[in-house]
Amino acid sequence: MYDVAKNLHEVLDNIPDGVRLVAISKYHPNEYLEAAYAEGQRVFGESHEQELSQKVKTLPGDIQWHFIGHLQTNKVKYIAPYISMIEAVDSLKLLKEINKQAAKHDRVIDVLLELHIAEEETKYGLTPDACRELLEDGEWRGLKNVHISGLMMMASNTDDEAQIRKEMMTAADFFDEVKARYFASDPEFKERSWGMSHDYPLAIQCRSTMVRVGTAIFGPRVY
Ligand SMILES: *Cc1c(COP(=O)(O)O)cnc(C)c1O
């Protein structure tokens, strides 16, 4: 097995106080998660509902699970009882469904709004303008069982550091804008989730509070 404990500590050594590590464990078997858990890691991220459900049933109950993938509205009900954070919310429709399902379990679910800033084509994420529109519209304020805790983004998959830095700083500046305009009175709107295995040190320089690191801890995924 990949030396998960060693890799985890190497990553943790690069992360300052105030930045949290979400260990991205998708496609990795339970024993890999257990190895990280044994070293004290408690926050894990998964991107497929079925795989997550399987792991939740068989791994320790004090793990905080983050859903990091694209979530279909019809899957929300399965994760609503236990999910700690849903990181990639990119529509009012999804926000409303999370609210509805969370209410059934008498919970408030923390979510992040996913920004689409990278130049690559992807179907997911809100452009800054679409995100402004969603927040300006205000319907989210009435959703009492969902709490918007910050923003999430994925930078372009490139080796061009300047490009990655530019995108992450755009996200950080956008965070300041929406924080001032819509969340000034909410100290719990504070998360900036960017940075993956290849760019998390850069993300930390660009004011990330939450890095999502998979491969650097668990090795290459076997699909
Ligand atoms: C898979 C994934 C990660 C982790 O990627 P690594 O390159 O393995 O660190 C982070 N964020 C999201 C949204 C992912 O889907």
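Below or above, wherever it landed, is the structure these notes cover.

The rules behind the values
- Residues numbered from 1 in each chain as written.
- Predicted model: local features only at pLDDT ≥ 70, side-chain atom pairs only at ≥ 80, totals over all residues.
- Heavy atoms only, no water.
- Near = heavy atom within 4 Å.
- Polar contact = N/O pair within 3.5 Å; in protein donor to acceptor, adjacent residues only side chain to side chain.
- Areas by Shrake-Rupley, 256 points an atom, 1.4 Å probe, with all protein chains shown as cover.
- Buried < 20%, exposed > 50% of the residue type's maximum accessible area, 1.4 Å probe, protein only.
- Helix = DSSP H or I, 4+ residues; strand = E, 2+ residues; numbered from the N terminus.
- Contact = heavy atoms within 4.5 Å.
- Pairing = 2+ DSSP bridges.
- Right-handed = clockwise from strand over helix to strand, strands pointing away.

1. Structural notes on the site of the ligand
Here's step 1: The immediate surroundings of the ligand are formed by Ile 24, Lys 26, Ile 68, Met 152, Met 154, Met 196, Ser 197, Arg 212, Val 213, Gly 214, Thr 215 and Arg 221.
Here's step 2: At 2.5 Å from an oxygen atom of the ligand is found a side-chain nitrogen or oxygen belonging to Ser 197.
Here's step 3: Within the contact set of the ligand, an oxygen atom lies 2.5 Å away from a side-chain nitrogen or oxygen of Thr 215.
Here's step 4: When the ligand is considered free in solution it has 390 Å² of accessible area, and contact with the protein chains removes 90% of it.

2. With respect to helix H3 (residues 49-58)
Here's step 1: Those residues of H3 lying buried are Glu 49, Glu 51, Leu 52, Ser 53 and Lys 55.
Here's step 2: Taken together, the buried residues of H3 touch helix H2 (30-38), strand E2 (43-46), strand E3 (64-67) and helix H4 (76-79).

3. Some words on the side chain of Glu 191
Here's step 1: Examined against the element boundaries, Glu 191 turns out to sit in strand E7 (residues 191-193).
Here's step 2: Looking at Glu 191, the relative accessible area reads 6%, which means it is buried.
Here's step 3: Side-chain polar atoms of Glu 191 contact the side chain of Lys 190, separated by 3.2 Å.
Here's step 4: In this structure, Glu 191 is in contact with Arg 20, Met 85, Leu 112, Ser 149, Gly 150, Leu 151, Phe 175, Thr 209 and Met 210, ignoring residues within four places of it in sequence.

4. Quick word on the pairing of E3
Here's step 1: Note: E2 against E3, 4 bridges, orientation parallel. Within E3, the residue paired with Glu 46 across the bridge is Phe 67.
Here's step 2: Tracing the backbone out of E2, into H3 and back to the parallel element E3 gives a crossover that is right-handed.
Here's step 3: Bridge count for E3 against strand E4 (residues 85-89) is 2 bridges, and the pairing is parallel. Of the residues in E4, the one forming a bridge with His 66 is Met 85.

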